Amino acid sequence: MLKFKNCYGLLIILFFSIQHINAQTQRSINISIGYGITSPYDETDVAGSGFYAQGEYIFHLKNWIDIRPYAGLIITNDPSNDIYETTSKAFLLGGKGRITAPMPFPWIAPYFELGIGTSIGEFRTYTPLTDLSQQGVILHIPFSIGVEIGSKRKFDLGFTYYYQPAVEQFAGAIAFGVSFPIKNSAL
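Residues numbered from 1 in each chain as written. Predicted model: local features only at pLDDT ≥ 70, side-chain atom pairs only at ≥ 80, totals over all residues. Heavy atoms only, no water.

## A few points about the pairing of strand β8 (residues 169–182)
Inspection of the sheet shows strand β1 (residues 26–40) paired to β8 by 14 bridges, in the antiparallel sense. The residue of β8 that forms the bridge with Gly34 is Ala175. With ten bridges connecting them, strand β7 (residues 155–164) and β8 associate as antiparallel partners. Bridge pairing in β8 places Tyr162 opposite Ala171. Here β7 folds back onto β8 in antiparallel fashion, the turn holding four residues, of which Glu168 has a positive phi close to 50°. (Pairing = 2+ DSSP bridges. Helix = DSSP H or I, 4+ residues; strand = E, 2+ residues; numbered from the N terminus.)

## Notes on the pattern of salt bridges
Enumeration according to the criterion identifies ten salt bridges in this entry. Arg68 is the partner of Glu56 in a salt bridge, and the nearest nitrogen-oxygen pair spans 2.5 Å. Residue Glu56 is located in strand β2 (residues 48–60), and its partner Arg68 is located in strand β3 (residues 65–77); the two are separated by twelve residues in the primary sequence. You can call Glu56 buried: its relative accessible area is 5%. With a relative accessible area of 2%, Arg68 lands in the buried category. By sharing partners, the salt bridges in this structure join Glu56, Asp66, Arg68, Lys96, Arg98, Glu113, Glu148 and Arg153 into a single network. (Salt bridge = Lys/Arg side-chain N within 4 Å of Asp/Glu carboxyl O. Buried < 20%, exposed > 50% of the residue type's maximum accessible area, 1.4 Å probe, protein only.)

And the structure:
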């Protein structure tokens with residue numbers, strides 16, 4: 001279990017790292033919404049489903065690499081009345097980097113994301129092989145794959161996952177996002 005003070009330290013490091021990025025860097029805001037899921041690490045057929053939303057502040061360092069601090073929400077419940085469940089009701093906070101592959105097609109560009117963050121909320125993983133429950137702050141590792149769409153790549157469709165080792169589950173979503181550019185100005 002990751003203690004709150006350790007998560008707080010990671011967020012401070014992320015904040016100060018972002019402060020050193022050049023003020024002339026292009027920036028955007030991305031809003032994503034989608035169908036949320038939670039599933040255990042073990043291979044049992046137990047899954048929760050629900051709602052996912054996330055906002056990102058994007059620093060475009062190069063045409064193919066971005067830094068993305070994010071805040072989001074995932075709420076999943078077990079749709080069956082079975083005794084087993086894998087659920088999350090959490091606020092997501094952290095940072096990740098996106099690498100976008102150059103493609104010969106101008107309207108589609110695949111991407112890969114990886115980062116670190118915290119989940120703040122209530123988590124339950126109860127399967128025939130696992131019985132874990134936790135409330136509070138836990139570490140998560142975000143991982144995403146998807147495609148940016150459009151001539152200016154303002155839209156994206158992707159699969160995003162948040163691996164949560166403390167409760168042996170991953171929360172994730174299939175989500176659609178829209179990016180809005182922010183005018184450059186001196187900070």
